[in-house]
Amino acid sequence: MRQFVLPDLGEGLEEAEIVNWYVNEGDHVVTDQPLVSVETDKAVVEVPSPSSGRILHLFGAKGDVVKVGAPLVEFAEGPEQDTGTIVGELGPSEPAAAAATLSRRTAGEKGQVFPAVRALARKLEVDLDLVEATGPDGTITRADVERAARSLPQSGPAELLRGLRRAMAQRMTVAHAEIVPASVTDEADIDDWPTGEDVTIRLVRAIAVACKAEPALNCWYNSSAGERRLFDRIDLGIAVDTGGGLIVPVLRNVAERDVSDLRTGLDRMRADAVARAIPPGELRGATITLSNFGMIGGRFASLIVVPPQVAIIGAGRITQGVVAYRGQPAVRRVLPLSLTFDHRVVTGGEAARFLVALKADLEQIS
């Protein structure tokens, strides 16, 4: 008997969630036959069998989170195989996040709980880790448990974060701990745009122009080494709302592609994102990101920069507003713009000049 463990899914990824088993205990499988699909913070990946053999035992069920190196399958026969193979390239230089512990107290600070109070908590289905202790020396009292129990009917049952939502929580924890965010906003007067102008394509083109004008924002920052890396090519991450969470596929080399090619690439990318069918390689390597949240709602936003990137641009809802036009007040269509940048690496002047270049390109007629 031998075990096959969850292989390395790419640099920085430490765990994955089981999406679906393709085999059952007792099945005979052949080399490279898909065994299971797992979801990381980047994509759904199929894990192939390392060799032929009969499956004796499956470790984990759908929805379970498995650590890299933990057993996946036990085979009843066959030679040992190397289980260190990397499955795809899932994002070099992108940091992984440790899951945050949901508790009002950190480890070692939990208050004393007497057996009768613990029994009461079990009876009332109260999680003691979430109870605020008011007794002496941090003791949790019956009144504390009863007060917590009274608040439970106001909420639904506890729900373990899964899939994209779990990945989002991990990425945001890292971003909050590492990034020093600063934001600057403005509005672009787009009333002179031709009817039917493609808003997303105009934003993509304007970002390319702004990156050429101020390259410091098309950049990665390695905080552990204190090094930044500027890029000539602009690989734009575009946030796509899938209903279950955001996926950020990458539109490659946007400055060198024409409008038709960009639109075709965007349409294919969005369809693949919604279907969760994007190859892992298309989810890594963005040098800067666009969030066109105005398609849903909202005007301005304090956005989240995800390292190693140093900037993200947000486009808000297009509205009519009274603006100064040729020296007179006029009602014009305006596009709100938000830029959040990592102030450890990007100066305020660089960010402001980037936004000026972005706005100027958007305000051109074509």
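Please read these numbers as outputs of a predicted model, since none were measured by experiment.

Calculation notes
The numbers attached to residues start from 1 for each chain and follow its sequence in the written order. pLDDT decides what is reported in this predicted model: residues at 70 or higher carry local features, side-chain atom pairs at 80 or more are listed and counted, and totals for whole chains, interfaces and linings draw on all residues regardless. The side-chain quantities take in all heavy atoms of the structure and omit both hydrogens and water. Per the convention used, a helix needs a DSSP run of H or I reaching at least four residues, while a strand needs a run of E reaching at least two, with both numbered from the N terminus. Using a 1.4 Å probe, the Shrake-Rupley method yields the accessible areas, and only the shown protein chains count as cover for residues. Pairs of strands are assigned from DSSP output, requiring at least two bridges between the strands. To define axes, lines are fitted to C-alpha atoms, for helices over the stretch in contact only, and angles between the resulting N-to-C directions are given on a 0 to 180 degree scale. By definition in these notes, contact holds between two residues if any of their heavy atoms fall within 4.5 Å. Throughout, the term roughly parallel applies to angles under 35 degrees, roughly antiparallel to angles over 145, roughly perpendicular to angles from 65 to 115, and oblique to all others. Take the far helix as your reference; a near helix turned counterclockwise from it by less than a right angle gives a left-handed crossing, and one turned clockwise gives a right-handed crossing. As a working rule, the residues Ala, Val, Leu, Ile, Met, Phe, Trp, Tyr, Cys and Pro are called nonpolar, Asp, Glu, Lys and Arg charged, and the rest polar, with Gly in that last group.

**Things to note about the overall build of the protein**
Along the protein, the regular secondary structure elements total six helices and 19 strands. As displayed, the protein offers around 18900 Å² of accessible surface, 52% of which is attributable to carbon and sulfur atoms.

**Description of the sheet that holds strand E2 (residues 15-21)**
Across the sheet, four strands lie side by side as E5-E4-E2-E7; this open sheet has antiparallel pairing. On the outer flanks of this sheet lie strand E5 (44-48) and strand E7 (65-67), each paired with one strand and no other. Shown here is a sheet whose adjacent strand axes are inclined to one another by a mean of 45°, direction ignored. In the sheet, E2 pairs with strand E4 (residues 34-39) via four bridges, with the strands oriented antiparallel. Opposite Glu17, over in E4, you have Glu39 as the bridge partner. Running at roughly 175° to E2, helix H3 (residues 163-178) makes contact with E2, E4 and E7 of the sheet.

**Digging into the packing of helix H4 (residues 199-213) against helix H5 (residues 259-274)**
For the pair H4 and H5, interaxial distance at closest approach is 10 Å and the crossing angle is 115°. Considered as vectors, H4 and H5 are oriented roughly perpendicular to each other. Crossing of H4 over H5 shows right-handed handedness. Contacts between H4 and H5 involve Thr200, Ile201, Val204 and Arg205 on the former and, on the latter, Val259, Leu262, Arg263, Leu266 and Arg270. The residue makeup of the contact of H4 with H5, split by class, is five nonpolar, one polar and three charged.

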